[in-house]
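So you can see what is in the structure, the chains are spelled out below.
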Amino acid sequence: ESELSSELIVTVAPPPLPLVAGILKSGSGQMGLNWSFLKTALSTFPEFVVSASQDLKVWTEVATIYLEQATGEDSQSLQFSWPIIVSGPRMFYRLTAINWMGAATTPGR
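What counts, and where the lines are drawn
- Residues numbered from 1 in each chain as written.
- Predicted model: local features only at pLDDT ≥ 70, side-chain atom pairs only at ≥ 80, totals over all residues.
- Heavy atoms only, no water.
- Pairing = 2+ DSSP bridges.
- Helix = DSSP H or I, 4+ residues; strand = E, 2+ residues; numbered from the N terminus.
- Axes fitted to C-alpha atoms, helices over the stretch in contact; angles between N-to-C directions.
- Polar contact = N/O pair within 3.5 Å; in protein donor to acceptor, adjacent residues only side chain to side chain.
- Contact = heavy atoms within 4.5 Å.

Caption draft 1: Inspection of the sheet that holds strand 5 (residues 72-73) at higher detail. Reading across from one edge, 1-2-6-5 is the order of the four strands in this open sheet, with antiparallel pairing throughout. Single-partner strands in this sheet number two, and they are strand 1 (21-25) and strand 5. Strand direction decides the pairing type here: strand 2 (residues 31-38) and strand 6 (residues 77-84), joined by eight bridges, are antiparallel. If you follow Gly32 over to strand 6, its bridge partner there is Pro83.

Given below as structure tokens:
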């Protein structure tokens, strides 16, 4: 028998929230939830969950956005966009970053 091996401890940090999040209107009149995420934080392997609510109490997950779905980038960050349907009742949106371990950051609103 050999000696016991060293204990391996792995700590997985939840991803940070996106840098900038907001709702923008394009030149064609379409609305979109837009956000940026630092390239230096990509090592946290984030995915982004978009949730919607009419009353800020009951939230429904409406989309999961993956890194491969970035719509642009600059030297420091990736940009993301998710289209918003403007017809119908007023909606509130929440953006949450999650990682492969399922740890989530505090939802952004």
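Caption draft 2: Expanded view of the sheet that holds strand 3 (residues 47-53). Across the sheet, three strands lie side by side as 4-3-7; this open sheet has antiparallel pairing. At either margin of the open sheet sits one strand with a lone partner, and together these are strand 4 (60-65) and strand 7 (92-98). On average, each strand axis in the sheet is inclined to that of its neighbour by 25°, with strand direction left out of account. With seven bridges joining them, strand 3 and strand 7 adopt antiparallel strand pairing.

Caption draft 3: Structural view of the side chain of Ser53. Within the secondary structure layout, Ser53 lies in strand 3. Separated by 3.1 Å, the side chains of Ser53 and Asp55 make a polar contact. Engagement of the side chain of Ser53 in a polar contact is seen with the backbone oxygen of Val58, the distance being 2.9 Å. The contact partners of Ser53, leaving out residues within four places of it in the chain, are Val58, Trp59, Arg90, Met91 and Phe92.

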